[in-house]
Amino acid sequence: MEMKSKTLLILYATQTGNALDVAERIAREAERRACTVVIRSTDDYDANSLPAEDTVIFVVSTTGQGDTPDSMKVFWRFLLQRNIGSHWLEGIHYAVFGLGDSGYQKYNFVAKKLDKRLSDLGATAVVEKGLGDDQHPSGYEAALDPWLSSLWSRLNEIKPHFFPKGPDFLVSNEELIGLPKFQVTYHNVDDIDSRLSTATDFKYLQMQIGRARSMSSGKVPHEKCKPDAFLKMVKNFPLTRASHEKDVRHFEFEFVSQVIKYEIGDVLEVLPSQSPAAVDSFIQRCNLDPESLITVHPREMENRHIDNNVNTLDVPIKLRTFVELTMDVTSASPRRYFFEVMSFFATAEHEKERLQYFASPEGRDDLYQYNQKERRTVLEVLEDFPSVQMPFEWFVQLAPPLKNRAFSISSSPLAHPTQVHLTVDVVSWTTPFKRKRQGLCSTWLASLDPEQSIYIPVWFHKGLLPPPPPSLPLIVIGPGTGCAPFRGFVEERAVQSQSENDGVLSEAKGGGFYAAFSRDQPQKVYVQHKMQEQSERIWNLLCEGAAIYVAGSSTKMPSDVMVAFEEIISKESGAPRESAVRWLRSLEKAGKYHVEAWS
């Protein structure tokens, strides 16, 4: 117990890696204060051990519409057990920091409910919960910096034993930097499996992607490394005029590997391809040999026995392939810790000073303007600081992971059993300093020629829009590319009814199709305006037991649509607004109000 009382436990629950980043930063800051730290994912910790802890810091993300990350589901179910009493965590201190997006209605819902549950079980909060917001101009760090400052101050007051050398002691950065978390091992050509030499089919490609991503520092728990399937593009045509400000595309793909059964409302994840020239420039800038054969694994596994039959980490891969498939060096901006580590390897004094400033709380806003606001890439940052020569192991740890991009599937497998369709907005924007930027995956897909037969690695996932029963009346609202999943819904219903004429959208059958062209007239017209126009029809459908499906941008749209429903229900029923709110809540609880939104 004496040992435990001096150890600060940090538990994190992450879906995409952000909560892990925050947890590791908290751990680094604690260690700088000579505090002993243990850091664990919630799915790697026995919740039954919580009463034996002294102080626990939780870092949790909120996903989707207020959902817990996959890695937290078992942990959360344990905490909700009825047989756990209100004194179960008495004497335990805790702090909660949440990561969320205020564009969503259930902003930081997981952090809020965790904070309440811990309090209900008798634990005492060290500080008020911190709520990081992706929508803030400086991102979640705008809330994290002051929250950490309060945490250390308050923790020192109530738990001084965590800081044996006093509240003002700080280990120097040079001592703290230590070794990177990942070890890169270089192999001779003779070590390589013969399968790596000339194979070019998708089976080999699947094996290679699985091998590279299983070694990646950005691997998220429960994430499949190997693709579910490979697709090839058969159609690529624009849905918008050439003169339009947006470029929205319709893509059709066919399976080239096994056909995966999917349902309407499912999501397709695509692994994008990076610019080969940019990948080569990064490798050259870092003085690396692209043909080197490497394996990568966490440093703590260095002396651990690995079963060669079940672990892919021992099978070497070309360094260039590893970079290309796992490290986003051409589109994503690095995090603040990247600049801190760079400062240790800068040999030019003015570069070192600027990097140290960027890594400090005082330089946070300037770093945001330089880095995230301009969406500077790892390659561009390195070009701005030419004196920095950082070991490849640090890049493996700190370069943003190359993430799959998720798209709502816009086809029905009943209508297209061997195909998958997507409706995609090709992302492009101009930064404050007039730099032209483009979305990595959407731009790559738009550039593909169906004649090329390029293999596209994909994964299939359940979305937040469950397929409805064929007879259930639906009200679907999909502004912008939010229409994508509902294209699949309509196709499915059309096949089920075996009739396109006077079909599922015909007013004769009680349906209807209403388009809001927001910018085709001086006064903007949005979906909620069309809803108000069809107020009586919507009310009648709701009275018939219709389910509501909403998809599209996460900013204001979902809440604006919810308000429109409240107004319609109140107006048509003659009931007060509070009753309309309760009606909609009961629809949510009954699984008849679904939202899939993205930023």
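The rules behind the values
Counting from 1, residues in each chain are numbered in the order their sequence is written. At least 70 in pLDDT is required for a residue's local features to be given in this predicted model, at least 80 for side-chain atom pairs to be given and counted, and no such filter applies to totals for whole chains, interfaces and linings, which use all residues. Computation of side-chain values: all heavy atoms of the structure, hydrogens and water removed. Throughout, exposure labels follow a simple rule: accessible area from a 1.4 Å probe, protein chains only, divided by the maximum for the residue type, with under 20% read as buried, over 50% as exposed, and the rest as partly exposed. Comment: elements are numbered from the N terminus, with helices defined as DSSP H or I runs of at least four residues and strands as E runs of at least two. The contact criterion used throughout is that any non-hydrogen atoms of two residues lie within 4.5 Å. By definition, no residue in a patch forms a salt bridge, and every one has over 30% relative accessible area; like charges are joined within 9 Å, nonpolar side chains (Val, Leu, Ile, Met, Phe, Trp, Tyr) within 5 Å. Where accessible areas are quoted, they stem from the Shrake-Rupley method and a 1.4 Å probe; at the residue level, only the protein chains shown are allowed to cover. Salt bridges are identified by distance alone: a Lys or Arg side-chain nitrogen within 4 Å of an Asp or Glu carboxyl oxygen. One requirement defines pairing of two strands: DSSP has to find at least two bridges between them. Axis geometry follows a simple rule: fit a line to the C-alpha atoms, using only the stretch in contact for helices, then measure angles between N-to-C directions, giving values from 0 to 180 degrees. Note on terminology: a nonpolar core comprises buried Ala, Val, Leu, Ile, Met, Phe, Trp, Tyr and Cys residues joined through side-chain atoms within 4.5 Å. Throughout this description, a polar contact denotes any pair of N or O atoms lying within 3.5 Å of each other; where both atoms belong to protein, one of them has to be capable of donating a hydrogen while the other can accept it, and for residues adjacent in sequence the pair is counted only when both atoms sit in side chains. Roughly parallel means an angle under 35 degrees; roughly antiparallel means over 145; roughly perpendicular covers 65 to 115; every other angle is labelled oblique. Crossing handedness is defined as follows: a turn of the near helix away from the far one that is anticlockwise and smaller than a right angle gives a left-handed crossing, while the clockwise case is right-handed. Gly falls in the polar group here, along with every residue not listed as nonpolar (Ala, Val, Leu, Ile, Met, Phe, Trp, Tyr, Cys, Pro) or charged (Asp, Glu, Lys, Arg).

A look at helix α10 (residues 319–326)
Thought 1: Of all eight residues in α10, seven are buried; the element is thus mostly enclosed.
Thought 2: Every buried residue of α10 is listed here: L319, R320, T321, F322, V323, L325 and T326.
Thought 3: On its buried face, α10 is in contact with β7 (182–187), α8 (202–215), α9 (276–285), β11 (293–298), β12 (317–318) and α15 (392–398).

Here we look at a nonpolar patch on the surface
Thought 1: A cluster of nonpolar side chains, namely V490, V504, L505 and F513, defines an oily patch on the protein surface of about 330 Å² accessible area.
Thought 2: Structurally, the position occupied by L505 is in the loop between α17 (484–497) and α18 (527–533).
Thought 3: With a relative accessible area of 37%, L505 lands in the partly exposed category.

Here we look at the sheet that holds strand β10 (residues 267–270)
Thought 1: Spatially, β13-β10-β17-β8-β9-β14 is the arrangement adopted by the six strands of the open sheet, whose pairing is antiparallel. If you trace the sheet from one side to the other, it starts and ends with β13 (405–408) and β14 (419–425), each paired once. Between one strand and the next, the sheet's axes are offset by a mean angle of 40 degrees, whatever the strand orientation.
Thought 2: Across seven bridges, the pairing between strand β9 (residues 248–255) and β14 is antiparallel. Among the inter-strand pairings, F253 is bridged to a residue of β14, identified as V420.

Thoughts on the nonpolar core
Thought 1: Membership of the largest hydrophobic core comes to 51 residues, with the highest contact counts inside it found for F282, F322, M327, F338, M342, F392 and F395.
Thought 2: Ranked by residues supplied to this core, first place goes to helix α11 (residues 336–345) with six residues.
Thought 3: When residues no more than four places from it in sequence are discounted, the contact partners of F395 are F282, C286, M327, F338, L382 and M390.
Thought 4: Formed by 27 residues, the second largest nonpolar core is a distinct cluster that contains L99, Y140, L155 and F162.

Things to note about the side chain of Q274
Thought 1: Residue placement: Q274 occurs in the loop between β10 and α9.
Thought 2: Of the polar contacts made by the side chain of Q274, one reaches the backbone oxygen of M327; its length is 2.8 Å.
Thought 3: Within polar-contact distance, the side chain of Q274 engages the side chain of T330 at 2.9 Å.
Thought 4: The residues contacting Q274, other than those within four sequence positions of it, are V279, V323, E324, M327, D328, V329, T330, L402 and L440.

Considerations on the environment of A564
Thought 1: Along the chain, the position of A564 falls in helix α20 (residues 557–573).
Thought 2: With 531 residues separating them along the chain, A564 and R33 place their C-alpha atoms 52 Å apart.
Thought 3: Setting aside residues no more than four positions away along its own chain, A564 makes contact with Q528, M531 and Q532.

Comments concerning the environment of K462
Thought 1: Within the secondary structure layout, K462 lies in the loop between β17 (456–461) and β18 (474–477).
Thought 2: Setting aside chain neighbours within four positions, we find K462 in contact with E263 and D266.
Thought 3: A distance of 2.8 Å separates polar atoms of two side chains, one belonging to K462 and the other to E263.
Thought 4: A distance of 3.0 Å separates a polar atom in the side chain of K462 from a polar atom in the side chain of D266.

Here we look at the pairing of β10
Thought 1: What you see with β10 is no split at all: V267 and E269 on one side and L268 and V270 on the other are buried throughout.
Thought 2: As defined by bridge partners, β10 adjoins β13 across four bridges and the pair is classed as antiparallel. From the neighbouring strand, V267 faces β13, where its bridge partner is S408.
Thought 3: Here β10 runs beside β17; their pairing, made up of four bridges, is antiparallel. Residue L268 lies in a different strand from β17, and its bridge partner there is F460.

Focus on the packing of α11 against helix α12 (residues 349–359)
Thought 1: Two numbers describe how α11 lies on α12: the axes approach to 8 Å, and their chain directions differ by 150 degrees. Relative to α12, the element α11 is oriented roughly antiparallel. Relative to α12, the crossing made by α11 is left-handed. Two secondary-structure elements touch here, α11 through R336, F339, E340, M342, S343 and F344 and α12 through K352, L355, Q356, F358 and A359.

Notes on the packing of helix α2 (residues 18–32) against helix α5 (residues 141–158)
The description of two packed helices rests on the angle between their axes and on the distance between the axes.
Thought 1: Relative to each other, α2 and α5 sit at 35 degrees, their axes nearing to 12 Å. Crossing handedness for the pair α2 and α5: right-handed. Here α2 contributes V22, R25, I26, E29 and A30 to the contact with α5, which in turn contributes E141, L144, D145, W147, L148 and W152.
Thought 2: Looking at the contact of α2 with α5 residue by residue, the classes come out as seven nonpolar, no polar and four charged.

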